[in-house]
Amino acid sequence: MAPNADAPTGALVNSTRFVLRHRKLVVAVWVLLSIAGIVGAGRASKLFTNQFSAPGSEGFKANAAISRIYGSGGNGPALLAVVTVPPGDAIRSAQVISGLRGLDRRIAAVLPTAREASYASTGSSSFVSRDGRTTFAVIYPYAPTGPISDAGTKAATRLAGALEGTRVAGAPVRITGLNALTNQAKAGNSGPGVLVETLLGGLGALVVLAFVFASLLAFVPIAIAICSILTTFLLVWGLAALTGVSSIVEFLIALVGLGVAIDYTLLIATRWREERSHGYDAEEAVLRAMATAGRTVMFSGTTVAVGLAALVAMPLAFLRSMGYGGLLIPLVSVTCSLTLLPIILARFGQRLDWPHRRSDANASRAWTGWARGVIRHRWAGAIAAGAVLAALIVAVLGMNLGTDNPNALAKSGEAKAGLVALERSGLGSGPLTPTEVIAPADRAPAVAAALRGVPGIRGAVAPVAWRRDGTAVIDAFSPDDGSTAAGRAIVDPARSAVHAAASAGLVGGQVSGVEDFISAVYGEFPLMLALIAIVTFVLLARALRSIVLPAKAVILNLVSTAAAWGALTLIWQHGFGSAQIWGIAATGAVPEWIPVIVFAFLFGLSMDYEVFILARMREEYDRTGSTELAVTTGIGRTGRLVTSAALILFLSFAAMASAPNTDVKMLATGLAVGILLDATVVRALLVPAVVSLLGRWNWWLPSVPARLLRVKPSPAQREAPAGQRA
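In this report, the structure presented in the accompanying data block is examined. (Residues numbered from 1 in each chain as written. Predicted model: local features only at pLDDT ≥ 70, side-chain atom pairs only at ≥ 80, totals over all residues. Heavy atoms only, no water.)

**Quick word on the overall build of the protein chain**
- Counting its regular elements, the protein chain contains 26 helices and 12 strands.
- For 726 residues, the compact-globule estimate of 2.2 N^0.38 gives 27 Å, and the protein chain sits close to it at 29 Å.
- Taking all 726 residues of the protein chain together, 59% fall into the buried category.
- The contacts in the protein chain between residues at least 6 apart in sequence include a share of 80% that link residues at least 24 apart.
- Split by element, the accessible area of the protein chain, about 27700 Å² in all, is 62% carbon and sulfur. (Helix = DSSP H or I, 4+ residues; strand = E, 2+ residues; numbered from the N terminus. Rg over C-alpha atoms; globule rule 2.2 N^0.38 Å. Buried < 20%, exposed > 50% of the residue type's maximum accessible area, 1.4 Å probe, protein only. Contact = heavy atoms within 4.5 Å. Areas by Shrake-Rupley, 256 points an atom, 1.4 Å probe, with all protein chains shown as cover.)

**Things to note about helix α2 (residues 23–45)**
- Compared with the 33 Å implied by 1.5 Å per residue over 23 residues, the 32 Å span of α2 between its first and last C-alpha is a close match.
- Helix geometry: α2 is bent most strongly at V39, by close to 30°.
- If you check which residues of α2 are buried, you get V26, W30, S34, G37, G40, A41 and A44.
- Buried positions along α2 lie against α1 (11–21), α9 (219–242) and α12 (317–352). (Expected span 1.5 Å × (residues − 1). Bend = angle between axes of the 7 residues up to and from the residue.)

**Regarding the pattern of salt bridges**
- Per the stated rule, a full pass over the model turns up 21 salt bridges.
- R271 is the partner of E274 in a salt bridge, and the nearest nitrogen-oxygen pair spans 3.9 Å. With E274 and R271 both in helix α10 (residues 248–277) and 3 residues apart, this pair spans about one turn of that helix.
- Among the residues examined, R271 registers a relative accessible area of 9% and is labelled buried.
- Note that R271 and E619 form a salt bridge whose closest N and O atoms lie 2.6 Å from each other. Highlighted residues: R271 in helix α10 and E619 in helix α23 (residues 594–624), separated in sequence by 348 residues. (Salt bridge = Lys/Arg side-chain N within 4 Å of Asp/Glu carboxyl O.)

**Re a nonpolar patch on the surface**
- Taken together, the side chains of L531, I534, V535 and V538 present a nonpolar region at the surface, about 310 Å² in accessible area.
- The residue L531 is located in helix α20 (residues 525–544) in this model.
- On the accessibility criterion, L531 (39% relative accessible area) is partly exposed. (Patch = residues over 30% accessible without salt bridge, like charges linked within 9 Å, V, L, I, M, F, W, Y side chains within 5 Å.)

In structure tokens:
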């Protein structure tokens, strides 16, 4: 140990000493947890669900009643059998009607328990285009147990196969619908699974780590990440046995877990090497690294967990499950980094740090030079960064939340041809997501008549075959699907019309469910935002001993997340990149659940970098009393670390974007672009510029809030000269 050095103290240092004294026990526990996690990962994935709904809303009640009584429909997308007869022929001709009746019989033979209606069975013009040449049959697969979407996917495959080559009056029968289009998209774009995506992300991370460490230490963060991910899967397995957990959690555990665990390991291991360069032995360097970087990791992980835990306060089971599952990711990663990592560094660190030749005694010259340049041009830097972020935030104002755009699901095939036929005929893509109403059977004709009078609805049917237990199901068709504002605009007037015609009537269907979901989630969003902001502010105020730095951190994180939303809108909704990168046309809408998930995770993850940088700046300011030195040393010491950590997360999310599911691609894009923007425009440019502009007020903590936070106050004292060190 270096002479005359003060020994590190604190609860975290004491716990690290305890871990090092019982290293065999700690290692054994992590090995057992990881082995159990291998088993738990596979079993947990079988329990995950894909249910997105708003319990208690009218749409949820309607869909639940339809599903319970009829075993189909409600929130489940419909399948459509589309027929376009040649010019000169007509759907209403006797020959075509005979062929359509034969088609109905074949559909019933393939899916005997499905609920189906068509022009042939109802005589309703709702199923016929204005030119009289195109018609469709609407089919709801029976799903007595399990997610309706799963039954729809299987039914789409069966029906398409059974009706292949079938013709009506010489015209082909094409099976389309959201499930059929999704099947077609997967067939033409089979992406890797979660395991392969994690391996791809891990490989990219290893390349970055090899550059950062230039030694065998590059493998240590990967080992910590593996333990963290497997243990998290084990815990989520238990959670999924008690409550519903979204399948998206599977991707987030694997890829966010990979990035977060590596980030924390990278910060501690880098500080350990810095302490080693000052002459401390391996174990003493571990204790000193834990007293500084370890403390930062603990606060950072807590902040990330707070961001994810806020989802638990949301009114939807889907989001709560994301909160429960996501909460475990940073907590397990922090625990592993603060227990297993010190043992590895103390016992094997010196051997693994080979053939490292770069000195860690001084800050990075490149990043120190960058920080000095930003300080010299602080106003220009702040304005430039603000302009980029403002441009992206403006794009958020045009964000359209909705269901999947059918045209973005498949580029070719029979399902796509069926959709094109509907759109060219004027029937539109709306029949893929009909509005479904459940009402008393004796009021069904009146409800159908009321719905036909709603602007935006071109037809409504109440088939006699769709009556059971004193109830009836009525379907209304709009030319516009749920991915458009026009398609969703019919929900409220449809409800008014239905309630006037039948007081006990309930309006459901997929579009109605989406509208209720948006109202439930984004109606409560300000509450979630306030909760996250307050708790994060308090945690950071205590960690940084300032009220200005936490306020700045919260504001910049909100700005950063809003910019990521803007990028998501531009890339996917407007197609500036989706077609070029993935060959997927502009979706026209962003799935309603994606922005809130992007917010929760980006707010927490980007706070990692904020804490890494500001904690080091606070440490340097306490040592020198100079904001300029705090900025240059803080960025000089953390710039490469933050950039490398962001690059690792970016690669993890890029791997996630290779999934065949378009929604997962969109989620990964929002997270990846958000992380990249945050680490470059915000943390590397805007943060040092703003801190430099605020000067001594960055470090201000009056005595009253200091007493409440139980830390020492920090007056806004006069700045020390930049060249003077304490």
